[in-house]
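So you can see what is in the structure, the chains are spelled out below.
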Amino acid sequence: MIIDTTEVQAINSFSRSESLKEVYDLLWLLVPIFTPVSGITIGVLVIVWLEREISAGIQQRIGPEYAGPLGILQALADGTKLLLKEDLLPSRGDVRLFSMGPSIAVISILLSYLVIPFGYRLVLADLSIGVFLWIAISSIAPIGLLMSGYGSNNKYSFSGGLRAAAQSISYEIPLTPCVLSISLLSNSSSTVDIVEAQSKYGFWGWNLWRQPIGFIVFLISSLAECERLPFDLPEAEEELVAGYQTEYSGIKSGLFYVASYLNLLVSSLFVTVLYLGGWNFSIPYIFISEPFEINKTGGVFGMTVGILITLAKAYLFLFIPITTRWTLPRMRMDQLLNLGWKFLLPISLGNLLLTTSSQLVSL
């Protein structure tokens, strides 16, 4: 059987095109995965730089200035240093729990970004139970911290892990009625529907004005969830050296800081979505939005505007947790638990009761 050379060339070219098509499909499949991860990573680096600059301004000192222009590469330099450091393991601890703890803490927080909308169609998963999925996923992170403390075989680390679990449970419970009140006002638990419900009256349609009590409770609870001052009890230096991360070094130690800043960014984005109108450019609503129809723009420009507005609101809100770090003293553990169970929980339940009553009266 004799095969013509043209047929051989055609077969080879077809096989090459098929292999190139498979490689192209594989790369295109990875784009939606790496794009959000890259954006989240850049967002965390920006938060670290902002916190250092704002903290330096509050304390009247010079912040990072040598690593890159205005010190913007300082966080990247610190991350590279942690990557190159030796990863030590406790000789008498549980190595599997010790290694899995930081990963669980980071992955559980990363999953929360699935339901955060940056535009009308710019959301990874527009679920009907979006806000409650975030609450459910965020409750997994303390399990990772508890595993880290227990696997370290260190009483200080274990105490820090127990504190983290107790603190998270204490402040997730009052946070949930606040989210439920927003869902009742919006008649939906989808994050996209909640933002759309606030866009009817522009700036005055924000849930911040309709739920001021819930906003304050949500703010305090989110600070406690992120373990920011005055609620950073799991890593109190005076009693626990460094809490659940005492025995960690290298990249595993860095993952805890990444998880902390990821959680801070998630909380700020959810405050923007639930209370500040999300991606809608509604602050100068009468003078700008209606003539230029910014809220109705579509395509790449509309998506870009939505992303920028959402991030601008979130980063403006970040000034509150950053400044409270250098303003308020740390609370004791009994004060923290009393605040969550005896004050915030009854207030959030009362706010939920008032919201339900107003919704029933308006029917």
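Here is what the cut-offs are and how they apply
- Residues numbered from 1 in each chain as written.
- Predicted model: local features only at pLDDT ≥ 70, side-chain atom pairs only at ≥ 80, totals over all residues.
- Heavy atoms only, no water.
- Salt bridge = Lys/Arg side-chain N within 4 Å of Asp/Glu carboxyl O.
- Helix = DSSP H or I, 4+ residues; strand = E, 2+ residues; numbered from the N terminus.
- Buried < 20%, exposed > 50% of the residue type's maximum accessible area, 1.4 Å probe, protein only.
- Axes fitted to C-alpha atoms, helices over the stretch in contact; angles between N-to-C directions.
- Parallel < 35°, antiparallel > 145°, perpendicular 65-115°, else oblique.
- Left-handed = near helix turned anticlockwise from the far one by under 90°.
- Contact = heavy atoms within 4.5 Å.
- Nonpolar A, V, L, I, M, F, W, Y, C, P; charged D, E, K, R; others polar.
- Patch = residues over 30% accessible without salt bridge, like charges linked within 9 Å, V, L, I, M, F, W, Y side chains within 5 Å.
- Areas by Shrake-Rupley, 256 points an atom, 1.4 Å probe, with all protein chains shown as cover.
- pLDDT = per-residue confidence, 0-100.
- Polar contact = N/O pair within 3.5 Å; in protein donor to acceptor, adjacent residues only side chain to side chain.

Draft legend 1. Fine view of the pattern of salt bridges. Using the criterion set out here, one finds five salt bridges in the structure. With a shortest N-O distance of 2.8 Å, arginine 325 and glutamate 51 are connected by a salt bridge. Placement of the pair is arginine 325 in the loop between α14 (319–324) and α15 (333–362) and glutamate 51 in helix α1 (residues 5–58), with a sequence separation of 274 residues. Residue glutamate 51 is classed as buried on the basis of its relative accessible area, which comes to 3%. The residue aspartate 334 makes a salt bridge to arginine 332 at a minimum N-O spacing of 3.0 Å. Taken together, the shared-partner salt bridges in this structure form one network comprising Glu51, Arg228 and Arg325.

Draft legend 2. Spotlight on the packing of helix α6 (residues 155–186) against helix α9 (residues 212–225). The N-to-C vectors of α6 and α9 enclose an angle of 155°; their axes lie 9 Å apart at closest approach. Considering their axes alone, α6 and α9 lie roughly antiparallel with respect to each other. Note on packing geometry: the crossing formed by α6 with α9 is left-handed. Listed contacts from α9 to Gln167, Ser168, Tyr171, Glu172, Pro174, Leu175, Cys178 and Val179 of α6 are Gly214, Val217, Phe218, Ile220, Ser221, Ser222, Ala224 and Glu225.

Draft legend 3. Quick look at the packing of α9 against helix α11 (residues 250–275). Contact geometry of α9 with α11 gives a least axis separation of 10 Å together with a crossing angle of 165°. In terms of their interaxial angle, α9 and α11 are classed as roughly antiparallel. In this structure, the crossing between α9 and α11 has a hand that is right-handed. Where α9 abuts α11, its residues Gly214, Phe215, Phe218, Ser222 and Glu225 lie against Asn263, Ser267, Phe270, Val271, Leu274 and Tyr275. A breakdown of the residues in the contact of α9 with α11 according to their chemical character gives six nonpolar, four polar and one charged.

Draft legend 4. Expanded view of a nonpolar patch on the surface. There is a patch of nonpolar side chains on the surface, built from Val23, Leu26, Leu27, Leu29, Leu30, Ile33, Phe34 and Val37 and spanning about 740 Å² of accessible area. Within the element layout of this structure, phenylalanine 34 appears in helix α1.

Draft legend 5. Region of interest: the confidence of the model for the chain. Summing up the model confidence of the chain, the mean pLDDT is 82 and the portion of residues at 70 or higher is 87%. Confidence scores differ between elements of the chain, with helix α12 (residues 285–292) showing the lowest mean pLDDT of 44 and α9 the highest of 91. Between residues 284–296, whose pLDDT stays under 50, and residues either more than four places distant or in other chains, the model counts 18 contacts.

Draft legend 6. Main features of the side chain of serine 55. Inspection of the secondary structure puts serine 55 in helix α1. In terms of polar contacts, serine 55 uses its side chain to reach the side chain of tryptophan 326, at 2.6 Å. Aside from chain neighbours lying at most four places away, what touches serine 55 is Arg61, Ile322 and Trp326.

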